[in-house]
Amino acid sequence: MGSASFKKYELEITPYLDSTEGKSKQVEHMFDTISEKYDLLNNIITFRMDKSWRRKVLKIVSECHPRHILDVATGTGDMAILLGKTQAENIIGVDISKGMLKIANEKISANKLDGRIHTEVQHAESLSFADCSFDIVNISYGVRNFENLEKGLGEMYRVMQSDGTIVILETSVPSNKLIKFGYLLYTEHLMPRIARIFSKDKNAYAYLSKSAINFPSGDKFLSILEESGFVKVKAYPQLFGAATIYVGKKQ
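Residues numbered from 1 in each chain as written. Predicted model: local features only at pLDDT ≥ 70, side-chain atom pairs only at ≥ 80, totals over all residues. Heavy atoms only, no water.

### Brief notes about the nonpolar core
A general feature of soluble globular proteins is that nonpolar side chains tend to end up buried together.
Next, step 1: If you look at the biggest cluster of nonpolar residues, it comprises 28 residues, and the most contacted ones within it are Leu70, Val143, Met156, Ile168, Phe221 and Leu225.
Next, step 2: With five residues, helix H6 (residues 149-159) is the largest single contributor of residues to this core.
Next, step 3: Leu58, Met79, Ile81 and Ile245 belong to the second largest nonpolar core, which has 22 residues in total. (Core = buried A, V, L, I, M, F, W, Y, C linked by side-chain atoms within 4.5 Å. Buried < 20%, exposed > 50% of the residue type's maximum accessible area, 1.4 Å probe, protein only. Helix = DSSP H or I, 4+ residues; strand = E, 2+ residues; numbered from the N terminus.)

### Details of helix H5 (residues 98-110)
Next, step 1: Here H5 is 13 residues long and its end C-alpha atoms lie 18 Å apart, about the 18 Å a rise of 1.5 Å per residue gives.
Next, step 2: Those residues of H5 lying buried are Gly99, Met100, Leu101, Ile103, Ala104, Lys107 and Ile108. (Expected span 1.5 Å × (residues − 1).)

### With respect to the pattern of salt bridges
Next, step 1: Applying the stated criterion across every chain, the model contains 11 salt bridges.
Next, step 2: Of the charged contacts in the structure, one is a salt bridge between Asp39 and Lys107, with a shortest N-O distance of 2.8 Å. Of this pair, Asp39 sits in helix H2 (residues 23-45) while Lys107 sits in helix H5, and the two are 68 residues apart along the sequence.
Next, step 3: With its nearest N and O atoms 2.7 Å apart, the salt bridge here joins Arg158 to Asp131. One end of the pair, Arg158, is in helix H6; the other, Asp131, is in the loop between strand S3 (117-121) and strand S4 (134-140), and 27 residues separate them in sequence.
Next, step 4: Counted as one network, the salt bridges with shared partners bring together Asp39, Asp78 and Lys107. (Salt bridge = Lys/Arg side-chain N within 4 Å of Asp/Glu carboxyl O.)

By themselves these figures say nothing about function.
What follows is the structure, encoded as structure tokens:
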């Protein structure tokens, strides 16, 4: 793995420009602050389209017939709960935000999935699990929040079993110029304004907007996955590239 190329994609955008804390602590604070409104805002901002993208992730994961799944940056637990539709014996969702996990645990209990889905407060860049613990590692809308992308991907690679699968759902920027113009107009200007109506943290969705636009997507991110050791990497753009599902294997 060559760290030099990762420097080009250093994830320096942070939620709070006047904060002296590192990005991870800022992201933790941000999600704790917006956790109560996160699901509502996510549905409004994505027009609920993310639900169909998550179902596609479920289909990809189900076809792998997993036994042990790790859902990184599980947030309020929607993806972990959806992955409960697989035949996996256990699903562990990890997140740095206690506020988000509180809501996730309530939803898991409401769906009577306590026996199969468990959550833990963990940092994605320093996971506590042993090597080769999971046959599926999933992360939805989380990699762009990493402070160190190389470390985060390296940790996910480490805890995967040989021939395991990584599935990443993340925002991306459409390549078509006309669609890209509309996407940027919405993401840069309209999305933060909509969010401010509902959220008391005006910086949060401004950050999420900027991080979505600046995160390397498509072929650039496929190259980063390959540098992290993943093979057979593929990208599946959604809605003209407004989001992308990335899939890779561990040798």
